[in-house]
Amino acid sequence: MKSDIEIALEAELQPIQEVAKTLDISEEDLELYGKYKAKLSDELWEKRKGQPDGRLVLVTAINPTPAGEGKTTTTVGLGQAMQKIGKRSVIALREPSLGPCFGIKGGAAGGGYAQVVPMDELNLHFTGDFHAITSANNLLAAMLDNHIQQGNKLRIDTKQIVWKRCVDMNDRVLRNITVGLGRKADGITREDHFIITVASEIMAILCLAENLQDLKERLGRIIVAYNFDGEPVTARQLHAVGAMAALLKEALKPNLIQTLEHTPAVVHGGPFANIAHGCNSLRATKTALKLADYTITEAGFGADLGAEKFFDIKCRIGGFKPDAVVLVATVRALKYNGGVARADLGKENLEALERGIANLEKHIENIAKYDVPCVVTLNQFTTDTEEELAFVRTFCEERGCEFALSQVWEKGGEGGIELANKVVETVEKKESHFKCLYEDSLSLKEKMETVAKEIYGAGNVVYDKAVEKEIARLERLGFGNMPVCMAKNQYSLSDDPSLLGRPEGFTIHIRDVYVSAGAGFVVAITGTVMTMPGLPEIPAAERIDVDDSGRITGLF
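The following paragraphs examine the structure supplied in this document. (Residues numbered from 1 in each chain as written. Predicted model: local features only at pLDDT ≥ 70, side-chain atom pairs only at ≥ 80, totals over all residues. Heavy atoms only, no water.)

On the surface, Glu348, Glu351, Glu354, Glu386 and Glu387 cluster together into a patch of negative charge. Put simply, the parts of the chain that give the negative patch at least two residues each are α14 (350-368) and α15 (386-398). Relative to the elements of secondary structure, glutamate 351 occurs in helix α14. (Patch = residues over 30% accessible without salt bridge, like charges linked within 9 Å, V, L, I, M, F, W, Y side chains within 5 Å. Areas by Shrake-Rupley, 256 points an atom, 1.4 Å probe, with all protein chains shown as cover. Salt bridge = Lys/Arg side-chain N within 4 Å of Asp/Glu carboxyl O. Lys, Arg positive; Asp, Glu negative; His and termini not counted. Charge placed at Lys NZ, Arg CZ, Asp CG, Glu CD. Helix = DSSP H or I, 4+ residues; strand = E, 2+ residues; numbered from the N terminus.)

Structure representation (structure tokens):
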């Protein structure tokens, strides 16, 4: 069996100009990055913004397990299948972070015969967007420390600096550091921190900015610290906005690549869904909606994280109204939730499937709260039995969900035709009445508790004492009307990753809270989730290499 990267490297790619032509995009609206990648010009948006939108379909999933769910693979395969049934489609994805590429997950371009390509370039550097974000983030950090060194006219309290440096790599030793050691000229000695680039507020801002002007306004609102009077100090006050915008000017433009079957894919932005808002850029999605009949997008991790943030943050800020949701599951993952060891997931076990399907049931119920039609798809494995498949189909249909099998990993678009037809049928026959889960007028605590209780199934929410004070301060400063971005582990509906299936009545612990004033939301950190991940015992990086011909191996 061929690996994902072997399949990708053997594919015959079309020049990106040819892919663009299928969307009536002229070469003058492309900024080429080699033969197979391009950025879409600002002028393209100006030309298309008056056109009607196509349909918007969100692909999400149950909570991830070591057995895998294949959400990105399904997204890509569904886009390819839409083309096969005569629908003009565009896939709108996030860009992969280097952190998980070298950590646990490997690449993030889909899998099998449902991939976006060039897969190796997408996973490693791509068009440099993440490097630009990292540079802009760290420029602001450097200007902050320089301001303090040069006399601190803004009276910044060095005990209340909230801006962190970032790097797009899993590097746990950088979580907590000391800077300014050495001579007096080397800066003020203080504790500092690193986060991964995909958790940076600048990543969130890039993904929520409408245009360059909006980008600069949002960058200016970033709070870097508080002064001795407890007042916020912003990037605008440090005169950092212009330089940051200059670094981000090209990164703001969406990227165009293709799938193995030459379906266009707009890939842009990449905030993590467990520690950030987990969706591709607002600009990419809005552009895709003007280019195609169907835009197929995804949100990271399970529906309790990515989908909730897609609905309550991205749709709220961007004004999106999704037409349907595709909820991805696998028989193997459901049996894992039912208590089966990973080594035994290939064996038929209807009892475990019946126990584990409670996780899928909760996600179905959650999507219904947003009043958007739902299609459940099983990413099919060869070990799945007819009895197991029939059980899941009946379970979903009894709950008013449409259902389709997917074999896109093995067969590409051909394996997604059943799913594509079901999505089109659902969109045409079932009207979406999308609404957000909560109103802006609720307090920050009420919003956090609404998500925790309604989406996660918690019975209670508790806050560290320092968090209580910070929430009160944020509301006093006028940030209480913002949506909340809940940072939570991805493996469980709770904040305890060991609680699989459908835990109920548990307590969610909020241990930190801060405002991303430029992005426009308040972040709540739950449980032990980290904004700087670490590498596993055997990182994926150990398997990656380059052969004598320059072909990358081991990336998956």
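Sheet architecture is open: 4 strands sit in the order β20-β22-β23-β21, paired in mixed fashion. This sheet does not close on itself; its edge strands, each paired only once, are β20 (460-463) and β21 (484-487). Neighbour-to-neighbour, the strand axes of the sheet open up by a mean angle of 35 degrees, direction not taken into account. As defined by bridge partners, β20 adjoins strand β22 (residues 507-516) across 4 bridges and the pair is classed as parallel. In the sheet register, tyrosine 463 faces β22, and the bridge partner there is isoleucine 510. On top of the sheet, helix α18 (residues 444-456) reaches β20, β21, β22 and β23 (521-526); it is set at about 50 degrees to β21, its chief contact. Contacts between helix α19 (residues 465-476) and the sheet are confined to β20, β22 and β23, with β22 contributing the most and set at about 40 degrees to the helix. (Pairing = 2+ DSSP bridges. Axes fitted to C-alpha atoms, helices over the stretch in contact; angles between N-to-C directions. Contact = heavy atoms within 4.5 Å.)

This paragraph deals with α18. When the terminal C-alpha atoms of α18 are compared, their 17 Å separation across 13 residues agrees well with the 18 Å that a helix rising 1.5 Å per residue should span. Three or more residues of α18 are buried, namely Leu444, Lys447, Met448, Thr450, Val451, Ala452, Ile455 and Tyr456. Count one or two residues on from α18 and you reach glycine 457, which has phi positive near 95 degrees. (Expected span 1.5 Å × (residues − 1). Buried < 20%, exposed > 50% of the residue type's maximum accessible area, 1.4 Å probe, protein only.)

Across the junction of valine 117 and proline 118, the peptide omega takes the value 5 degrees, indicating a cis bond. The topology assignment puts proline 118 in the loop between β6 (114-117) and α6 (119-123). Unlike most non-glycine residues, arginine 155 shows phi in positive territory, near 55 degrees. With respect to the helices and strands, the residue arginine 155 is situated in the loop between α7 (129-149) and β7 (156-161). Judged by relative accessible area, arginine 155 falls into the partly exposed class, the value being 37%. If you check the backbone angles, histidine 239 has positive phi at about 60 degrees while not being a glycine. Mapped onto the elements, histidine 239 comes out in the loop between β13 (232-234) and α10 (241-248). On the accessibility criterion, histidine 239 (68% relative accessible area) is exposed.

The subject of this paragraph is the nonpolar core. With 65 residues, the main nonpolar core has Phe311, Leu360, Val376, Val392, Met448 and Val515 as its most contacted residues. Ranked by the residues each element gives to this core, the list is headed by α18, at 6 residues. Dropping the residues within four chain positions of it, methionine 448 is found in contact with Tyr463, Ile471, Val484, Met486, Val513, Val522 and Ala524. (Core = buried A, V, L, I, M, F, W, Y, C linked by side-chain atoms within 4.5 Å.)

Our focus in this paragraph is the packing of aromatic side chains. Applying the stated criterion to the full structure yields 5 aromatic pairs. Ring centres of phenylalanine 311 and phenylalanine 434 lie 5.5 Å apart, and the angle between their planes is 40 degrees; on these two criteria the pair is classed as tilted. Taken together, the residues phenylalanine 311 in helix α12 (residues 303-318) and phenylalanine 434 in the loop between α17 (417-429) and α18 connect sequence positions 123 residues apart. Accessibility assignment for this pair places phenylalanine 311 and phenylalanine 434 in one class, buried. Taking 6.5 Å as the distance between ring centres and 15 degrees as the angle between the ring planes, the aromatic pair formed by tyrosine 370 and phenylalanine 434 counts as stacked. With tyrosine 370 in the loop between α14 and β18 (374-379) and phenylalanine 434 in the loop between α17 and α18, the pair connects residues that are 64 residues apart, well separated along the chain. For the pair shown, tyrosine 370 and phenylalanine 434 are each scored as buried. Following the ring pairs from residue to residue traces out a cluster consisting of Phe310, Phe311, Tyr370 and Phe434. (Phe/Tyr/Trp six-rings, centres within 6.5 Å; stacked < 30°, edge-to-face > 60°.)

Attention now goes to α7. When the terminal C-alpha atoms of α7 are compared, their 30 Å separation across 21 residues agrees well with the 30 Å that a helix rising 1.5 Å per residue should span. In the segment just after α7, glycine 151 is the residue with positive phi, at about 120 degrees.

Moving on, we get to the pairing of β6. The side-chain alternation of β6 yields two buried faces, one formed by Ala114 and Val116 and the other by Gln115 and Val117. Pairing of strand β5 (residues 110-111) with β6, which is carried by 2 bridges, proceeds in the antiparallel orientation. Bridging from a neighbouring strand, glycine 111 pairs with alanine 114 of β6. Taking the residues that link successive antiparallel strands as the turn, the β5-β6 hairpin has 2 residues, and the phi of glycine 112 there is positive, at about 60 degrees. One ladder, built from 2 bridges, connects β6 with strand β14 (residues 255-259); its direction is antiparallel. Bridging across to β14, valine 117 finds its partner in glutamine 258.

Spatial strand order, β7-β12-β13: 3 strands in an open sheet with antiparallel pairing. A strand with exactly one partner marks an edge of an open sheet, and here the two such strands are β7 and β13. Geometrically, the sheet is characterised by an average inter-axis angle of 50 degrees between neighbouring strands, direction not taken into account. Pairing analysis gives 3 bridges linking strand β12 (residues 223-227) to β13, with the strands arranged antiparallel.

On to the environment of leucine 56. Structurally, leucine 56 can be placed in strand β3 (residues 55-61). Expressed as a C-alpha distance, the spacing of leucine 56 and valine 326, which sit 270 residues apart in the sequence, is 11 Å. With residues up to four places along the chain from it excluded, the contact list for leucine 56 reads Thr285, Leu289, Thr295, Thr297, Phe310, Phe320, Pro322, Asp323 and Ala324.

Under the counting rule described, the total for this entry stands at 42 salt bridges. Taking the shortest distance from any N to any O, the salt bridge between aspartate 214 and arginine 218 comes out at 3.2 Å. Here aspartate 214 and its partner arginine 218 are both found in helix α9 (residues 212-220), 4 residues apart, which amounts to about one turn of the helix. The two residues aspartate 214 and arginine 218 agree in class, both being buried. Residues arginine 502 and glutamate 504 are paired through a salt bridge, measuring 3.7 Å at the closest nitrogen-oxygen approach.

Once that is clear, we can look at the pairing of strand β16 (residues 294-298). With 5 of 5 residues buried, β16 lies mostly within the body of the structure. Side chains Tyr294, Ile296 and Glu298 of β16 all project onto a buried face; the interleaved residues Thr295 and Thr297 project onto the opposite face, where all are buried too. Pairing analysis gives 5 bridges linking β3 to β16, with the strands arranged parallel. Among the inter-strand pairings, leucine 56 is bridged to a residue of β16, identified as threonine 295. Note that strand β4 (residues 89-93) and β16 share 4 bridges and pair parallel. Pairing of valine 90 across the sheet is with threonine 295, part of β16.

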